[in-house]
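The lines below spell out each chain.
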Amino acid sequence: MENSNLIQLENISRTYKIGITEVRALKSVSYNIKHGDLVAIMGPSGSGKSTLMNILGCLDKPTGGKYFLEAQEVSTFDRNKLAGIRNKKIGFVFQNFNLLSRTTALENTELPLLYSNVPSKNTKEMAMKSLAQVGLAGRELHKTNQLSGGEQQRVAIARALVNNPTLLLADEPTGNLDTKTGNEIMEIFTRLNKEKKITIVLVTHDPEVAEFASRWLYLRDGDIVKQDNTGEKR
Amino acid sequence: MNLLKTIRVALNALARNKMRSFLTALGIIIGVGAVIAMVSIGQGAKNAVQERFQSMGTNLLFVRPGSRSFRGRQSGGGSYNNLTEADAAALLKADAVKTVSPSVNSRAQVVYGNKNWNTSIYGVGHSYPEIRNWDVEQGVFFTEGQVRSGQKVAVLGSEVSKNLFEGADPLGQIIRVKRIPFRVIGVMKERGESGGWFNQDDVILAPYTTVQNRLAGIDYIQSIDVSAVSMKRSDEATRQIEEILRIRHKIAPGAEDDFNVRNMSEIAESAAESTQILTNLLGGIALVSLLVGGIGIMNIMLVSVTERIREIGIRMSVGARERDILLQFLTEAIVLSFLGGLLGIAAGVFASRLLAKFGGWETLIVPGSIILAFIFSGSVGIFFGFYPARKASKLDPIEALHYE
């Protein structure tokens, strides 16, 4: 498993139609991600990194090319099948946390389990475990608005982890946090990557954040301009 | 996601916004409450009417003169003076007829000592108490012999007794009606008011012969009260009465009757019919308010979908399918309208009690109206909840996530 491809992208393109003009957010992206990789996608705004992230996360479908996730061609799946993939294989962490307001950390973490086959009696326990992993044991019943930004992002990570996904996607996970808290969050990511062998893909334009990654991918105007597996930046 | 989880999610979502949930349900609460309260008023009125008729005797029939036409000019009903004592006596021959009482009415000022009172004088036969299902409270009713010999005796209604005697014993006292002395031999039981303005106890009963000769100065009778041997045979009694009277009045076959026979169950039915119209009308108005409540639910649900686009996006990003979102919002709408329905039932029952206690309305809550209102409120929830729920489920996850 260690060296097999988790993700295989073949000539992925994504074109948006806005009125009569076509915007080519991704032109032709081919890239493989192995199990256990920690990949940073970098690039200026408008380079297509968010579009790529949405396609990787099965929130969006490419208009051209093929996307294989664990050898399944998910680019052919319909809305409902994609929802199932998101539920079982993928965990999301967003820049603005995207937690349900007026809801406890526990309830937020339980959310993916409500849409899975996990029996109701187990969901609480699984969510508690997941929260403990990100260091939030004892804060389960705090509502999201009573938590700090860093704590909210940890809840989001706990939520992403609760279903034991193979792929964790993080879109600017430290963008709304100060440097110290951001580093703490990144340490959690690297720990999960090392100890649990979870594949992580993160989008960032912060070089310091990107330094935590083992592989880098630079996008500009919808194309990969540079990729780097050596540990050297830019 | 199974149904139990869906219900849990919906309940949590509603609990997170209690005020909005309550306001949404309020339309249904008021609607259902109104249906139940209004229908209870209608049913109460119907019930009261039926009870009143029952107390008057359901095997009661009335014979009244018909209308007459003279050279093409039609007079109103009762304008004939063609019913006689002999007609009344002849009706006893019909085997479905139990007993009869001729009736002559008059109105007069009645004097006792230094008191006087204006009231109706009913000239009736000795069997009147039996036919009208109305007993003597004190003293006796007049006998067949007293009727035949036209004695000046009177039986008072309780209201008249109250007004003329003010608690003193009226038995054996002499009252004067149009200066003619009548001896009081009895007082009837109290019957209570009927229809609000007409007091059944404000009456004096006297032999019809006496009223004919001494008070009204007529030789015909105005109507005949008949009691059939049973309620079942009252239609048969009607036919027999018609047959007898047609022969006696020498009415050619095919010509119209010069009299009318009405039986009590007919009258009771038509009265019940008119109260049913009242019930339907009130219920209809209340149903409209329930419908408005449903539109209120749809309105709030639509607003709520817009307000919760981000939430929907989050749910979709963690794996909620279209069906899950659809079911969640639909369940929210149904839960709201069902809870609204339950509270509405309580409100309706409460309102109808209040109306009965302080408004003086007679109300009757029928299980049918509760079931109807409940089912209707549930369907309102499904019907008006579906569109917003569908709208929510069709959202694009990416757009929903980035919605501000």
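Definitions and cut-offs
Residues numbered from 1 in each chain as written. Chains lettered and ligands numbered in written order. Predicted model: local features only at pLDDT ≥ 70, side-chain atom pairs only at ≥ 80, totals over all residues. Heavy atoms only, no water. Helix = DSSP H or I, 4+ residues; strand = E, 2+ residues; numbered from the N terminus. Rg over C-alpha atoms; globule rule 2.2 N^0.38 Å. Buried < 20%, exposed > 50% of the residue type's maximum accessible area, 1.4 Å probe, protein only. Contact = heavy atoms within 4.5 Å. Areas by Shrake-Rupley, 256 points an atom, 1.4 Å probe, with all protein chains shown as cover. Lys, Arg positive; Asp, Glu negative; His and termini not counted. Charge placed at Lys NZ, Arg CZ, Asp CG, Glu CD. Pairing = 2+ DSSP bridges. Axes fitted to C-alpha atoms, helices over the stretch in contact; angles between N-to-C directions. Buried area = accessible area lost by both parts, 1.4 Å probe. Salt bridge = Lys/Arg side-chain N within 4 Å of Asp/Glu carboxyl O. Polar contact = N/O pair within 3.5 Å; in protein donor to acceptor, adjacent residues only side chain to side chain. Nonpolar A, V, L, I, M, F, W, Y, C, P; charged D, E, K, R; others polar. Domains from an automatic or database assignment. Patch = residues over 30% accessible without salt bridge, like charges linked within 9 Å, V, L, I, M, F, W, Y side chains within 5 Å.

### Side note on the overall build of chain B
Tallying secondary structure elements over chain B gives 13 helices and 14 strands in all. Since a compact globule built from 404 residues should have a radius of gyration of about 22 Å, the 33 Å found for chain B marks it as more spread out than a globular shape. Projected onto its principal axes, the C-alpha coordinates of chain B cover approximately 105 × 55 × 35 Å. By the burial criterion, 48% of the 404 residues in chain B qualify as buried.

### Regarding the overall build of chain A
Each helix and strand in chain A was counted, giving seven helices and ten strands. A compact globule built from 234 residues should have a C-alpha radius of gyration of about 17 Å, and chain A, at 17 Å, falls within 12% of that. Taking the principal axes of the C-alpha coordinates as reference, chain A spans close to 50 × 40 × 40 Å. When each of the 234 residues of chain A is scored for burial, the buried share is 55%. The long-range fraction of contacts in chain A, counting pairs at least 24 apart against all pairs at least 6 apart in sequence, stands at 70%. Accessible surface computed for chain A: about 10,400 Å², of which carbon and sulfur atoms make up 47%. Each charge class in chain A can be summarised by its mean position, and for the 31 positive and 26 negative side chains these summaries are 5 Å apart.

### Some points on the sheet that holds strand S3 (residues 38-42) of chain A
Residue and element names in this part refer to chain A. Spatially, six strands are ordered S6-S7-S8-S3-S9-S10 in an open sheet, and the strand pairing comes out mixed. Each of the sheet's edge strands pairs with one partner strand only, and the pair in question is strand S6 (90-93) and strand S10 (223-228). If you compare each strand with its neighbour and ignore which way they point, the axes differ by 20° on average. Both strand S9 (residues 215-220) and S10 contribute to a ladder of five bridges, which runs antiparallel. Residue Leu 219 lies in a different strand from S10, and its bridge partner there is Ile 224. In this fold helix H1 (residues 49-56) packs onto S3, S6, strand S7 (167-171), strand S8 (199-203) and S9, with an angle of close to 155° to the strand it touches most, S7.

### Points about the interface of chain A and chain B
Tallying the contact residues gives 30 residues for chain A and 27 residues for chain B. Interface area, chain A with chain B, both sides summed: about 2,500 Å², of which 52% is carbon and sulfur. It is Arg 79, Leu 114 and Tyr 115 of chain A that lose the most area in chain A upon contact with chain B, and together they represent 30% of the buried surface on that side. One salt bridge connects Glu 110 of chain A with Arg 8 of chain B, and the closest N-O pair in it is separated by 3.4 Å. In this assembly, chain A and chain B are joined by 13 residue pairs in polar contact (both at pLDDT 80 or more). For the side of chain A that touches chain B, the element with the highest residue contribution is helix H3 (residues 105-114) of chain A, accounting for six residues. Among the residues making up the side of chain A that touches chain B, the classes are represented as twelve nonpolar, eleven polar and seven charged.

### Structural notes on the domain arrangement of chain B
According to the domain assignment, chain B consists of domain 1 (3-52 + 270-401) and domain 2 (81-257). Between the C-alpha centres of domain 1 of chain B and domain 2 of chain B there is a distance of 56 Å.

### Digging into the pairing of strand S13 (residues 223-228) of chain B
Residues and elements named next belong to chain B. When you tally the buried positions in S13, you get six out of six residues, the bulk of the element. Bridge count between strand S1 (residues 60-65) and S13: four bridges; the pairing is antiparallel. Counted as the bridge partner of Phe 62 is Asp 225 from S13. Note that strand S4 (residues 97-112) and S13 share six bridges and pair antiparallel. Along S13, the bridge assignment pairs Thr 99 with Ser 227.

### What about the sheet that holds strand S5 (residues 72-73) of chain A?
All names here are of chain A. Here we have four strands laid out as an open sheet, ordered S2-S1-S4-S5, and antiparallel in their pairing. Across the chains shown, the open sheet's two edge strands, defined by having one partner strand only, are strand S2 (21-34) and S5. The sheet contact formed by strand S4 (residues 64-69) and S5 spans two bridges and is antiparallel. Across the sheet, residue Leu 69 finds its bridge partner in S5, namely Gln 72.

### Here we look at the pattern of salt bridges
Within the structure shown, the criterion is met by 23 salt bridges over all chains. Across the pair Arg 139 of chain A and Glu 151 of chain A runs a salt bridge, and its minimum N-O distance is 2.2 Å. Residue Arg 139 of chain A is found in the loop between helix H4 (120-133) and helix H5 (149-161), and its partner Glu 151 of chain A is found in helix H5; the two are separated by twelve residues along the sequence. Residue classification places Arg 139 of chain A among the partly exposed residues on the basis of a relative accessible area of 28%. Looking at Glu 151 of chain A, the relative accessible area reads 17%, which means it is buried. The partner of Asp 324 of chain B in a salt bridge is Arg 321 of chain B, and the shortest N-O contact between them spans 3.4 Å. Residue classification places Asp 324 of chain B among the buried residues on the basis of a relative accessible area of 1%. Classification of Arg 321 of chain B as partly exposed rests on a relative accessible area of 26%.

### A word on the environment of Lys 391 of chain B
All names here are of chain B. Along the chain, Lys 391 turns up in helix H12 (residues 367-393). Judged by relative accessible area, Lys 391 falls into the partly exposed class, the value being 42%. C-alpha of Lys 391 to C-alpha of Leu 326: the two residues are 65 residues apart in sequence and 8.2 Å apart in space.

### Remarks on the side chain of Ser 40 of chain B
Residues and elements named next belong to chain B. As for its position among the elements, Ser 40 is in helix H2 (residues 18-56). In this structure Ser 40 comes out as buried when scored by relative accessible area, which is 1%. Dropping the residues within four chain positions of it, Ser 40 is found in contact with Ser 352, Glu 362, Thr 363, Leu 364 and Ile 365.

### Points about a nonpolar patch on the surface
A contiguous nonpolar surface patch, about 260 Å² in accessible area, is contributed by Leu 3, Ile 7 and Leu 11 of chain B. With respect to the helices, strands and loops of the structure, Ile 7 of chain B is situated in helix H1 (residues 3-16).

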